[in-house]
Amino acid sequence: MFFSLGWVTALVAGIFSLHVVQKLCFPYFWKDVFYLMKVIRYGARLEIFKITSNVVTIIDRFVQQAERIPTKPFLIYEGITYTYQDINERSNKLANVFLEQGTLKKGDSVALLMNNEPDFICVWFGLIKLGCSVAFLNTNIKSRSLLHCFNCCGAKTLVVGADLLDSLEDILPSFLEDSISVWVMKNESSHTEVQTLLDKMDQASDKPTPPALRAATSLKAATLYIFTSGTTGLPKAAVITHLQSLKAAAGFWAYGGSEDDVIYIPLPLYHSAASLIGVGGTIEMGATCVLKKKFSASQFWNDCIKYDVTIFQYIGELCRYLCNQPKAEGEKKHKVHMGVGNGLRQDVWREFHRRFGEIRMCELYGSTEGNLCFMNHIGKIGAVGRSNFFYKECMLPQHIRYFSKILTFYGNGLVQRPIQQCCTEGMLSTRGWNLFRKPDNNVLFFFFRGTEPKLRMKLLFKYDLVRYDMVRDEPVKNRQGYCQHVNKGETGLLLSKIGASSPFFGYAGSKQLTEKKLMRNVFVKGDAYFNTGDLMAEDAEDFICFKDRVGDTFRWKGENVATTEVTEVLGMVDFIQEANVYGVEIPGNEGRAGMAAIIVRPECEFSGKKLFDHVLNDLPAYARPLFIRLQESMEMTGTFKQQKFNLVESGFNPSTSCNPLYFLDYSEKSYVPLTNTLYGSIVAGERKL
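Residues numbered from 1 in each chain as written. Predicted model: local features only at pLDDT ≥ 70, side-chain atom pairs only at ≥ 80, totals over all residues. Heavy atoms only, no water.

Our focus in this paragraph is the pattern of salt bridges. Evaluation of the coordinates by the stated rule reveals 28 salt bridges. Notably, a salt bridge pairs Glu-284 with Arg-61, separated by 3.7 Å at the nearest N-O pair. Taken together, the positions of Glu-284 in helix α12 (residues 272–285) and Arg-61 in helix α3 (residues 58–68) put the pair 223 residues apart, joining distant regions of the chain. Given the relative accessible area of 22%, Arg-61 is considered partly exposed. In this structure, a network of salt bridges that share partners links the residues Arg-45, Arg-61 and Glu-284. (Salt bridge = Lys/Arg side-chain N within 4 Å of Asp/Glu carboxyl O. Helix = DSSP H or I, 4+ residues; strand = E, 2+ residues; numbered from the N terminus. Buried < 20%, exposed > 50% of the residue type's maximum accessible area, 1.4 Å probe, protein only.)

In structure tokens, the structure reads:
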């Protein structure tokens, strides 16, 4: 009896001690474990799709949900509720219109230019049911960019929203010349060359189209094209496969969402966040979403209370707008328990909690075209993701001689390989360490120093942070020409390994655009990485934090701005000889505002009015440079690239600049001289930007 009592006491004491050690040394252990189990569970589902070639796509999942819960609200828009069955049947009508017309066939690409409304989703789903891929067009793009988008994705059909048809009037002749058919969501149209859809949908059948039309046999088949700004000067069509859309749809679920949630979507559907994560995530869980035509800070909390919203999507700027709203009674009396998005600054994050309650803010990181996604499932303020023992890398015991065999992850499953065989398949000596690896998948890493061998396995996230020279605007290389890892806590350029488990599908229309996003021979000859263009740091607790964006793209008002595109537009002004566009930080604002250093032609004079009219007509609001710096010459790098680093560092303060500065003033309809008084009002947040 005494023995058994002592044994139980010792066991309890041991368990308690382990619990204390775990809390002190591994405080996020169980959260990491539960999150990892979800990732593995969902990954296994995708692996089954690969093996069986029987892919259950997002549209298949939606049809399943429409059959399972037909009368459940799927979409709420401007107070009107649409059930799963409603959207399913209306998308069937759209599909049957084109099926009867015989104008589309499986494999065709169709462009969609619409603002947020239920028919955006109905058109999207209807076209996918025909086996077509859909290109989401940014409603802010202008004529030149719009024509370019069609050439990229090979679309010969355009479906346009009723409220956007007039914006196409100047380029409709170009569409006709290129044999592009235009369909508008109206009952009738004054343009004889534009065909109407609503009248035909009213007469069409709501019966399902043949499932064979939408069937997909490969996860790598393209289903969408989503345009993103890049370094080429014009939008790039990122190829979105079924694999990417399915991964994105798991976001809410991975964070703990369920079918009981109501999701608020105030972001534009032509962006991947709203369409893939928002709508896709709603479908995956069988939940309900509230779609907003356009974000309104003054209506946000009223909507959340009115529709019992529990989850909302955000970008950092959206949360800042909410925090800047006047305090209102009852702004904490809501059911929102989670926000999912990216770009949330630490100060805004804390203020958001203080104002609106302890809402769990779930930051995530990932580009539309990228092959890597981080998720801050812990909820640590300021982090975009987490890398830990379980799913980033695993360090096995030093005495490798005790292991006769080890387990290695391959794209097609889990296999066993003898250590000796693995060690003979590749070796690289660097700084006294011998690195053994399997060249085709970069999974196994053997580090030998003296007689103390270690084994490291990268399990899920194959990424690296490398040293980056901001002045030269390029990665730092060693004598062998390879990139160098940063130390823990240091800022480095984020690169994501390209392989079977993390493919990069690139951009439609040009292999050159795809190749420009790749870095080859990064650590060893023959490897390939996706260059995110983002600077990150990994802290002592393995949290990943976003630091800055490098290269020719910056973010303003929730949109990516391609500096080369803005430069090309400015170059069309007759008095501008050369322009260098970059982003500058404005206190209290998310992202970077556009600024351009320009050289005026010797025979011309600067005209703020003429430049204002030009950017107003040819650039969307978020891409228009807020500040202009007049210079006599441009600083160049050793490889004849325009130098941006010093310009960014100098900012837009007129008191510290030896060059004339100008500000985009909408009230004066001109670029006006940037005075110290005007500068002070901008920095103080008194001037609307």
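Looking at the protein chain as a whole, its pLDDT mean stands at 84, while 84% of the residues score no less than 70. Scored below 50 in pLDDT, residues 393–459 makes 131 contacts in the model with residues more than four places away or belonging to other chains. (pLDDT = per-residue confidence, 0-100. Contact = heavy atoms within 4.5 Å.)

What follows is about the packing of α3 against α12. The axes of two packed helices give the description: the angle between them and the distance between them. For the pair α3 and α12, interaxial distance at closest approach is 9 Å and the crossing angle is 45°. Between α3 and α12, the crossing angle belongs to the class labelled oblique. Crossing of α3 over α12 shows left-handed handedness. Across the interface between the two elements, Ile-58, Arg-61, Phe-62 and Gln-65 of α3 pack against Ile-283, Glu-284 and Met-285 of α12. Here the residues of the contact of α3 with α12 sort into four nonpolar, one polar and two charged. (Axes fitted to C-alpha atoms, helices over the stretch in contact; angles between N-to-C directions. Parallel < 35°, antiparallel > 145°, perpendicular 65-115°, else oblique. Left-handed = near helix turned anticlockwise from the far one by under 90°. Nonpolar A, V, L, I, M, F, W, Y, C, P; charged D, E, K, R; others polar.)

This next bit is on unusual backbone geometry. One non-glycine residue, Glu-78, lies in positive phi territory at about 50°. Locating Glu-78 in the fold gives a position in the loop between β1 (73–77) and β2 (80–83). In this structure Glu-78 comes out as exposed when scored by relative accessible area, which is 60%. Non-glycine residue Asp-308 carries a positive phi angle of around 55°. Along the chain, Asp-308 turns up in the loop between α13 (300–306) and β12 (311–315).

Moving on, we get to the packing of aromatic side chains. Where two aromatic rings form a pair, the distance of their centres and the angle of their planes describe that pair. With the rule as written, the count across this model stands at 33 aromatic pairs. Relative to Phe-356, the ring of Trp-301 has its centre 4.7 Å away and its plane inclined at 35°; by these criteria the two rings are tilted. Of this pair, Trp-301 sits in helix α13 while Phe-356 is found in helix α15 (residues 346–356), placing the two residues 55 residues apart along the sequence. Pair check on accessibility: Trp-301 and Phe-356 agree, each one buried. By the ring-pair criterion, three or more aromatic residues cluster together here, those being Tyr-264, Phe-295, Phe-300, Trp-301, Phe-312, Tyr-314, Tyr-321, Phe-352 and Phe-356. (Phe/Tyr/Trp six-rings, centres within 6.5 Å; stacked < 30°, edge-to-face > 60°.)

Turning our attention to the sheet that holds strand β8 (residues 222–228). Each strand in a sheet pairs with its neighbour through backbone hydrogen bonds, running either in the same direction (parallel) or in the opposite one (antiparallel). Pairing is mixed across the open sheet formed by seven strands, whose spatial order is β7-β6-β5-β3-β4-β8-β9. Where the open sheet ends on each side, the last strands, each with one partner, are β7 (194–196) and β9 (236–241). Neighbour-to-neighbour, the strand axes of the sheet open up by a mean angle of 25°, direction not taken into account. Helix-sheet contacts for α12 involve β4 (133–136), β8 and β9, and the interaxial angle to β8 is about 145°. (Pairing = 2+ DSSP bridges.)

Evaluation of the coordinates by the stated rule reveals zero disulfides. In this structure Cys-152 is a free cysteine whose sulfur lies 6.1 Å from that of Cys-149, the closest cysteine sulfur available. The class of Cys-152 is buried, set by a relative accessible area of 11%. (Disulfide = S-S within 2.5 Å.)

This paragraph deals with the pairing of strand β6 (residues 181–184). Residues in a regular strand point their side chains to alternate faces of the sheet. Across four bridges, strand β5 (residues 157–160) lies against β6 in parallel orientation. Note on β6: the bridge partner recorded for Leu-158 is Val-182. At this point the chain moves from β5, through helix α7 (residues 172–177), to the parallel β6, and the crossover so formed is right-handed. (Right-handed = clockwise from strand over helix to strand, strands pointing away.)

To continue, consider the side chain of Arg-386. Counting through the fold element by element, Arg-386 comes out in strand β16 (residues 385–386). In terms of polar contacts, Arg-386 uses its side chain to reach the side chain of Asp-32, at 2.9 Å. A distance of 2.6 Å separates the side chain of Arg-386 from the backbone oxygen of Glu-541, its partner in a polar contact. (Polar contact = N/O pair within 3.5 Å; in protein donor to acceptor, adjacent residues only side chain to side chain.)

Once that is clear, we can look at the pairing of strand β32 (residues 559–562). Of the two faces of β32, the one lined by Glu-559 and Val-561 and the one lined by Asn-560 and Ala-562 are each fully buried. In this structure, strand β31 (residues 553–556) lies alongside β32, joined through four bridges in antiparallel fashion. Across the sheet, Trp-556 pairs through a bridge with Glu-559, a residue of β32. With antiparallel pairing between neighbouring strands as the criterion, β31 and β32 make up a hairpin whose turn holds two residues, including Lys-557 at a positive phi of roughly 55°.

By the element assignment, Ile-76 lies in strand β1. Judged by its relative accessible area of 11%, Ile-76 falls in the buried class.

Turning to helix α4 (residues 84–101), a few remarks are in order. For α4, which comprises 18 residues, the first-to-last C-alpha distance of 26 Å matches the rise-based estimate of 26 Å (1.5 Å per residue) to within 8%. Every buried residue belonging to α4 is among Tyr-84, Ile-87, Asn-88, Ser-91, Asn-92, Lys-93, Leu-94, Ala-95, Asn-96, Val-97 and Phe-98, and all of these are buried. Positive backbone phi, approximately 70°, marks Gly-102, located one or two places after α4. (Expected span 1.5 Å × (residues − 1).)

Two numbers describe how helix α5 (residues 118–129) lies on α12: the axes approach to 13 Å, and their chain directions differ by 80°. By the angle between their axes, α5 is roughly perpendicular relative to α12. Taking contact as the criterion, the partners of Ile-121, Trp-124 and Phe-125 in α5 are, on α12, Ser-275, Val-279 and Ile-283. Partitioning the contact of α5 with α12 into residue classes produces five nonpolar, one polar and no charged.

The biggest cluster of nonpolar side chains holds 102 residues, and the ones touching the most others in it are Trp-124, Phe-312 and Phe-352. If you tally residues by element for this core, the top one is α5, at eight residues. For Trp-124, the contacting residues outside a window of four places in its chain are Leu-112, Val-134, Phe-136, Leu-224, Ser-275 and Val-279. In terms of nonpolar packing, the next biggest core, distinct from the first, is built from 43 residues, Ile-586, Ala-593, Phe-606 and Met-634 among them. (Core = buried A, V, L, I, M, F, W, Y, C linked by side-chain atoms within 4.5 Å.)

Glancing now at the sheet that holds strand β36 (residues 661–665). Overall, mixed pairing links the five strands, which are arranged β33-β34-β35-β36-β37 in an open sheet. Strands at the two margins of the open sheet, each flanked by one partner only, are β33 (576–584) and β37 (670–673). With direction set aside, neighbouring strand axes in the sheet form an average angle of 30°. As judged from the three bridges shared by strand β35 (residues 627–630) and β36, these two strands associate in the antiparallel manner. Of the residues in β36, the one forming a bridge with Arg-629 is Leu-661. The strands touched by helix α19 (residues 608–618) within the sheet are β33, β35, β36 and β37, with β37 carrying the most contacts at an inclination of about 135°.

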